[in-house]
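Observations on the model geometry
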Amino acid sequence: MRLVTITTGLMLAACSAEPGAAASPPGTDPAGPQTAASEMPSERRGFRDWMAVCDNGNACFAFTAATDGTGWIRIAQQPGPDARPEVAVGYWAPEDQVGPPTLSVDGEVYALTLITDYPLVGEVSAARAPDVVRALADGQAAQVGSAGELSLSGASAALLWIDERQGRLDTVTALRRRGAKPASAVPPPPPLPVVTPAPAVSQAGFGDKDQVLPAALEALPVVVACRADTADTEWVQKEVMSARLDASTELWAVPCFMGAYNMGHEWFITGPGGRDPRPARLTSTSDEPTATTINAGFAPEARTITAFAKARGISDCGTASTWTWTGREFVLTTELEMPECWGVPADYWPTTWRTR
């Protein structure tokens, strides 16, 4: 099975990073040390038929999928000496099928706890997870439910890379290369950046449907282009979003395109009444800052913009991001990215960026 990254013109550029690339920490808030960046980069590597990802807090994940794209396995390992592996599997079973999926490795069947029933997702118990991880690393083939065969080629290398990244090599907690060193030899998790949201403010007069876009924004060339691109869909043009960030700062989002399952917006930070607009600066772990989001919205109480860019309609691949307003700028606070359309629901996507 060959790793294939599915991308689309409606996806954020964050989905196009090549396996093996290390992502530099996103920009930090110039207001002060509350957003001091982690020095640990987010990385993704390909190992034959497996993909491994570690985020800036050194939480790591290894995945593979069935050759027919219907089943998957995820091994998750948090950082630090006390962490233990977690194993989850899933597949798109017939809708009338009930009960947990099954996992077999080289013919040995492992019991699972049912988590969701469509798609079927099951998890291995904490007590059995280390045994299952070893079986996957040493095995030849696995199967989840009635899905096609899952290749284990690359599993050992992916787990060895995670051990090295987390400092577990030759310790009793290693996923692959276990040794006699105690768990205390494993380094603690690296510190995460700290992001403090600005205080919430009244949203009176903002956030209403059919909001009229201020003239200063309508005159911007990028907005003129957005309006032209959505001219044949009146309801899309009405999907303007607005919010008050503070007494002298406003947030506006202009709908720019609409696809089968993705809607794009351009975000702007302005003065009162939409004056002096400038593009918002939304960072990611794998591309330049942008003002464009997919399937996004603003939560006034949390002070966050959230976006969920789908690479296909069943939402099993893409990028999910959250940015928090600190009073000076929007800072990336969480990012999950699943570059492979392997049927994995968003709750099981790997994190690529976390903050406190």
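The structure contained in this document is the topic of the report that follows. A quick note: this is a predicted structure, and the numbers were derived from the prediction, not measured. Once a new chain begins, its residue numbering starts again from 1 and follows that chain's sequence as written. Residues qualify for local features only when their pLDDT is at least 70, as the model is predicted, and side-chain atom pairs are given and counted only at 80 or more; totals for whole chains, interfaces and linings, by contrast, use all residues. Side-chain figures throughout are based on the complete set of non-hydrogen atoms in the structure, without hydrogens or water.

**Things to note about the sheet that holds strand β7 (residues 103-105)**
In this analysis, strands are considered paired if DSSP registers two or more bridges between them. In this description a helix means any DSSP run of H or I spanning at least four residues, a strand means any run of E spanning at least two, and both kinds are numbered starting from the N terminus. Overall, antiparallel pairing links the 4 strands, which are arranged β8-β7-β11-β12 in an open sheet. The open sheet has two free edges, formed respectively by β8 (108-110) and β12 (150-151), since each of these has just one partner strand. Both strand β11 (residues 141-144) and β12 contribute to a ladder of 2 bridges, which runs antiparallel. When the bridges of β12 are listed, Ala141 appears paired with Ser151. We call two residues in contact whenever any of their non-hydrogen atoms come within 4.5 Å of each other. Where helices are involved, their axes are fitted lines through C-alpha atoms of the stretch in contact, as for all axes, and angles between N-to-C directions lie from 0 to 180°. Helix α1 (residues 129-138) rests against β7, β8 and β11 of the sheet, and its axis sits at about 50 degrees to β7.

**Quick notes on the sheet that holds strand β18 (residues 296-299)**
As a general point, the strands of a sheet are linked pairwise by backbone hydrogen bonds and lie either parallel or antiparallel. Across the sheet, 5 strands lie side by side as β18-β19-β20-β21-β22; this open sheet has antiparallel pairing. Of all the strands in the sheet, the pair left with one neighbour each is β18 and β22 (351-354). Within this sheet the neighbouring strands show an average axis-to-axis angle of 15 degrees, counted without direction. As defined by bridge partners, strand β21 (residues 330-338) adjoins β22 across 3 bridges and the pair is classed as antiparallel.

**Observations concerning the state of the cysteines**
Here, disulfide denotes a covalent bond that connects the sulfur atoms of two cysteines. Only a pair of cysteine sulfur atoms within 2.5 Å counts as a disulfide in this structure description. The final tally for this structure, using the stated rule, is 3 disulfides. A disulfide bridge connects Cys317 with Cys341, and the sulfur atoms are separated by 1.9 Å. With the S-S dihedral at roughly 80 degrees, the linkage between Cys317 and Cys341 falls on the right-handed side. Of this pair, Cys317 sits in the loop between β19 (304-310) and β20 (318-325) while Cys341 sits in the loop between β21 and β22, placing them 24 residues apart in sequence. A relative accessible area of 0% places Cys317 in the buried class. The exposure class of Cys341 is buried, given its relative accessible area of 11%. Sequence-ordered numbering of the bonded cysteines in the chain gives a disulfide pattern of 1-2, 3-4, 5-6. For each residue, the accessible area found with a 1.4 Å probe, counting protein chains only, is set against the maximum for its type, and the residue is called buried under 20%, exposed over 50%, and partly exposed in between.

**Observations concerning helix α2 (residues 155-166)**
Taking 1.5 Å as the rise per residue, α2 with 12 residues should run 16 Å; its terminal C-alpha atoms sit 17 Å apart, in good agreement. Within the span of α2, buried status applies to Ala155, Ala158, Leu159, Trp161, Ile162, Asp163, Arg165 and Gln166. The inward-facing, buried residues of α2 abut β2 (42-47), β3 (50-54), β4 (60-65), β5 (71-77) and α1. Looking one or two residues beyond α2, the residue adopting positive phi is Gly167, at roughly 75 degrees. For a helix, the expected span equals 1.5 Å multiplied by the number of residues minus one.

**A look at the pairing of strand β15 (residues 263-270)**
Most of β15 sits out of view: 8 of its 8 residues are buried. With burial as the criterion, each face of β15 is covered, one bearing Met263, His265, Trp267 and Ile269 and the other bearing Gly264, Glu266, Phe268 and Thr270. Here strand β14 (residues 249-258) folds back onto β15, and the loop between the two strands holds 4 residues. Sheet topology note: the β15/strand β16 (residues 278-279) ladder contains 2 bridges and is antiparallel. Within β16, the position partnered with Ile269 by the bridge is Arg278.

**Side note on unusual backbone geometry**
In this structure, Pro119 follows Tyr118 across a cis peptide bond, with omega equal to -5 degrees. Positionally, Pro119 belongs in the loop between β9 (113-117) and β10 (120-123). In this structure, Asp106 is a non-glycine residue whose phi angle is positive, near 50 degrees. Considering the arrangement of structural elements, one finds Asp106 in the loop between β7 and β8. For Asp170, which is not glycine, the phi torsion reads 65 degrees and is therefore positive. Structurally, Asp170 is set in the loop between α2 and α3 (215-218).

**Focus: the nonpolar core**
Counting residues in hydrophobic clusters, the biggest one holds 36 residues, and the most contacted among them are Ile73 and Leu103. For this core, the secondary structure elements donating two or more residues are β3, β4, β5, β6 (86-91), β7, α1, β11 and α2. The biggest single contributor to this core is α1, with 6 residues. Each residue touching Leu103, except ones within four places of it in the same chain, is listed here: Ile73, Val89, Glu108, Val109, Tyr110, Leu112, Val124, Val132, Ala142, Gln143 and Val144. Only buried residues count toward a nonpolar core, which is a set of Ala, Val, Leu, Ile, Met, Phe, Trp, Tyr and Cys residues joined through side-chain atoms within 4.5 Å.

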